[in-house]
Amino acid sequence: MKELIIYPTKDAMVSSNNKNQNYGKDHNFFIGISKGKSVYNTYLQFELPSLKSHNKVEKIELNIYIMKNENKEVTKKYKVIRLIDSFDENKITYQNELLQSDPHEAYFEIKDELDKYIKIDVTKLYKASINKNEFIMEIKPLQDSEKDCVVGFYSKDSNEIKFYPYIRMTFSAEDKNLADMKADNEIITKYFNLGSKMYYKKDYKKAMEYYIQLLKVFDREAKISPVLLYRSCICYIELGMYVHAYKLSNEALRIYENLPELYYVRGLLNIKQCELLKAKTMFETYLKLQKKSPKLYQRIGSSDYLANYYLGEIHYETESYEKSFEYYIKSVKINPRFKKAYSKIVEILLLEDRDIGYIEELLLRLKMYETKENVICDLVEVLIDIKKYVEAGELLRKINQKNKKAMYLEGVLLMRIKKYEDAINKFNSIDNLENIENAGFDKILCYLYLNQIDKAKEVLYKISFNYTKKSLVYRLLVYSVFDKNTKITNKILIELEKKSNGYEEEIYNLLDKILATAGSEIFDDCLYLTEFIDNDEVLLRLGKLFYKHKLYLIALSEFVRSIKEYNHIDKEGLYIMKKCLIKLETN
C-alpha cells in the first residue's frame, strides 16, 4: 500500500454577506451559516498524478485543519460536492459561482473539534468521476443546518505548511515489488521535473507545490534529495517564508551535515533577515566546504561568486571597504559578467577618490573578454545608476557615436537629467534589436512626462503585442494613471491576473525607474499603481524603494505608516529604519 500527500493548486472562499468579494488569497476560510443568513462556501482544486494501470486507488481522504469552532455544543453538518468546472481563485465570488457539478456528494459532521485535522472520505466522489487527474470540490453547509454552524480552517495561503489542506491518496499495486517501485520513481521524477521547470522560471510558489509533495515522501538516499532540499529552501526564501526555510534547512543539515549549499542557504537567509555576523560565518563556511566537494557543488547549482558578493556586501555595510573590495573582486573574477559587483567596485573606488581613468583601466583588466568600448559602456551604466551624470557624459564622448549601446545609454542619461525631448530623439535613432525594446519603454515614459499621451500610446501598441508582464504593467500605467480609462484598465488587470507568478514586482520596478527619471509630482501620481497590489507589504516596499534613492525622511515615514496601517514590518525594514535615523542625524 502506498500513500501520496497532495496539496491544493487552488482554493477560495465565497460569502453571501459580501457577494462580490473575492477571498482567494486569505490565510483561512470558513464553511457554514452565520446568524441564520450569511452563507460561507469553500472551493478546493487538486491536481492528482496519473497512476499506472496496475495501481488501484483504495482511498481518497480530504484533510482540513480546524482553527475556529465557536459553537462547539452543536453538531454541524456539511457536504462535499465534486465539480466539473475549474475556477479562478482570484476572481470567484458568491455572485459569480456558476460551476457545474457531478450528481455525487459526500457528507461529514463537526462537533467540538478544534486545532486538529478532520478527515473526510471522498473516495466515492473520485471513483464516480471520469476525470481522474483534476479533483475540484465545493464544501458547503447542509440547508437544514443549525443557525450558527460556521467553522474556520487554514487555506493553502497560510504561513504554516503543517496547516495546509491536503488530500491523502492511498493506492495499491498488483506487483508489490518491481512494478510498484517503478511507478513511484516515475511519479517522483515527474514531480521533480515539473518543480524544476517552475524553479528555473522563478515561479517559486508553483515550484513549491511540487517540491512539498516530494518532501512528504523524502528518501535521503535518492540522487535528487540534496537538490530538492536546496531548491526548496531557496523557494521559501524567495517567497519570504523565512521560518519555513529555517526549519527545512535545520532538518537538511541533520541529514547532510557537510553539504556546502545548505550553509549558503543559511547565509542567504541571515542576509534577508539582516543578521550580518551570522551570514558572514555561513558564507565563509560554505566557501571552505565547497573547495572540498566541487563536484557536488556544481551538481546542486549554488554559486561561490554569489557567496563572495554577499561577503562583500556585509563588509560594505560595516564600511570595511578594503575587505569588501577584495570580495567583490573575487566575485567578478569567478563570474566576469556579474554586474552588481562591478557597481560596488566602482562606488568604492569613487569613495577613495580614484579618477575615472584608473577605474576604466581596472575594469579593462577584469573584463579581458570585452572590447574597450563595451567596457566603457558598462562603466557608464554604473555611473548613471549611482547618479554620477557628469562623469558618465564625459566617458560617452570618448566612444564612437555609432556604438549601439552607447547611443542607448546617451538616451538614458538625457532621460535621467530630465531632457526628455532630446532623449526621445536619441531613442528614435536606435535600430538594433538588443536595445530597441528598452528604448521603446523609455520613450513611453518620456512622452508621458511631456504629457503627450497619444504618442505614448503609439509606442505602446508597437511593443506590447505579446502581452508580457512588463508591457501590461506599462499599459496599466498609461490607462489607469494618465488616460484614466477604467474600462481598458479592467481589461489589462484581467490579462495580468492570467500571469502565473504575479505582476507586483514589475510594478515596483516601474516605480523605481519613474522615481529615478521623473519629477516628484509625476511620481506621486504614479503611486496610484500601488492600488493594484493587494497585500500588506506595499508601504514596506515603498519605504525600501525610497531608501534606495537616499530619500531617508520619506522612507522613514513609509515604514511608520506600514506599522500603523498594516501592523507590518520585517527585520530588513527595522534595520533600514535605524539606518535612516542615523543618516538624518548626521546630515
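Cut-offs applied
Residues numbered from 1 in each chain as written. Predicted model: local features only at pLDDT ≥ 70, side-chain atom pairs only at ≥ 80, totals over all residues. Heavy atoms only, no water. Helix = DSSP H or I, 4+ residues; strand = E, 2+ residues; numbered from the N terminus. Rg over C-alpha atoms; globule rule 2.2 N^0.38 Å. Buried < 20%, exposed > 50% of the residue type's maximum accessible area, 1.4 Å probe, protein only. Areas by Shrake-Rupley, 256 points an atom, 1.4 Å probe, with all protein chains shown as cover. Lys, Arg positive; Asp, Glu negative; His and termini not counted. Charge placed at Lys NZ, Arg CZ, Asp CG, Glu CD. Patch = residues over 30% accessible without salt bridge, like charges linked within 9 Å, V, L, I, M, F, W, Y side chains within 5 Å. Salt bridge = Lys/Arg side-chain N within 4 Å of Asp/Glu carboxyl O. Core = buried A, V, L, I, M, F, W, Y, C linked by side-chain atoms within 4.5 Å. Phe/Tyr/Trp six-rings, centres within 6.5 Å; stacked < 30°, edge-to-face > 60°. Lys NZ or Arg CZ within 6 Å of the ring centre and 35° of its normal. Axes fitted to C-alpha atoms, helices over the stretch in contact; angles between N-to-C directions. Parallel < 35°, antiparallel > 145°, perpendicular 65-115°, else oblique. Left-handed = near helix turned anticlockwise from the far one by under 90°. Contact = heavy atoms within 4.5 Å.

### Considerations on the overall build of the chain
Part 1 of the reasoning: Within the chain, the regular secondary structure consists of 25 helices and eleven strands.
Part 2 of the reasoning: Relative to the compact-globule value of 25 Å for 587 residues, the chain shows a C-alpha radius of gyration of 28 Å, a close match.
Part 3 of the reasoning: When the backbone C-alpha atoms are referred to their principal axes, the chain occupies close to 80 × 60 × 50 Å.
Part 4 of the reasoning: Expressed as a percentage of its 587 residues, the buried residues of the chain come to 52%.
Part 5 of the reasoning: Element-wise, carbon and sulfur atoms account for 49% of the exposed surface of the chain, whose accessible area totals about 29,700 Å².
Part 6 of the reasoning: Here the chain contributes 95 positively and 88 negatively charged side chains, and the mean placements of these two sets differ by 2 Å.

### With respect to a positive patch on the surface
Part 1 of the reasoning: Taken together, the side chains of Lys 387, Lys 388, Lys 418, Lys 550 and Lys 583 present a region of like positive charge at the surface.
Part 2 of the reasoning: Judged by relative accessible area, which is 33%, Lys 583 ranks as partly exposed.

### So, the environment of Leu 125
Part 1 of the reasoning: In this fold, Leu 125 is placed in helix H1 (residues 123–128).
Part 2 of the reasoning: Judged by its relative accessible area of 1%, Leu 125 falls in the buried class.
Part 3 of the reasoning: Separated by ten residues in sequence, Leu 125 and Phe 135 place their C-alpha atoms 8.9 Å apart.

### Description of the nonpolar core
Part 1 of the reasoning: Counting residues in hydrophobic clusters, the biggest one holds 187 residues, and the most contacted among them are Leu 62, Phe 135, Tyr 264, Ile 444 and Leu 477.
Part 2 of the reasoning: Core analysis: the next-biggest nonpolar cluster, separate from the first, contains eight residues, Tyr 43, Ile 81, Phe 87 and Ile 92 among them.

### Details of the packing of aromatic side chains
Part 1 of the reasoning: Evaluation of the coordinates by the stated rule reveals 29 aromatic pairs.
Part 2 of the reasoning: Residues Phe 192 and Tyr 211 carry aromatic rings whose centres are separated by 6.3 Å and whose planes lie at 40° to one another, so their mutual orientation is tilted. Of this pair, Phe 192 sits in helix H2 (residues 178–200) while Tyr 211 is found in helix H3 (residues 204–216), placing the two residues 19 residues apart along the sequence.
Part 3 of the reasoning: Aromatic rings pair up to connect Tyr 264, Phe 283, Tyr 286, Tyr 305, Tyr 309, Tyr 310, Tyr 328 and Phe 338 into one cluster.
Part 4 of the reasoning: Cation over ring: Lys 344 sits above Tyr 316, and NZ or CZ is 4.4 Å from the ring centre.

### Quick notes on the packing of helix H19 (residues 469–482) against helix H21 (residues 504–517)
Part 1 of the reasoning: Contact pair H19 / H21: the axes reach a minimum separation of 9 Å and the direction vectors enclose 60°. Taken together, the axes of H19 and H21 are oblique relative to one another. Taken as a pair, H19 and H21 cross one another with a handedness that is right-handed. From H19, Lys 469, Lys 470, Val 473, Tyr 474, Leu 476 and Leu 477 reach across to H21, where they touch Glu 506, Ile 507, Leu 510, Lys 513 and Ile 514.

Geometry only, nothing functional implied.
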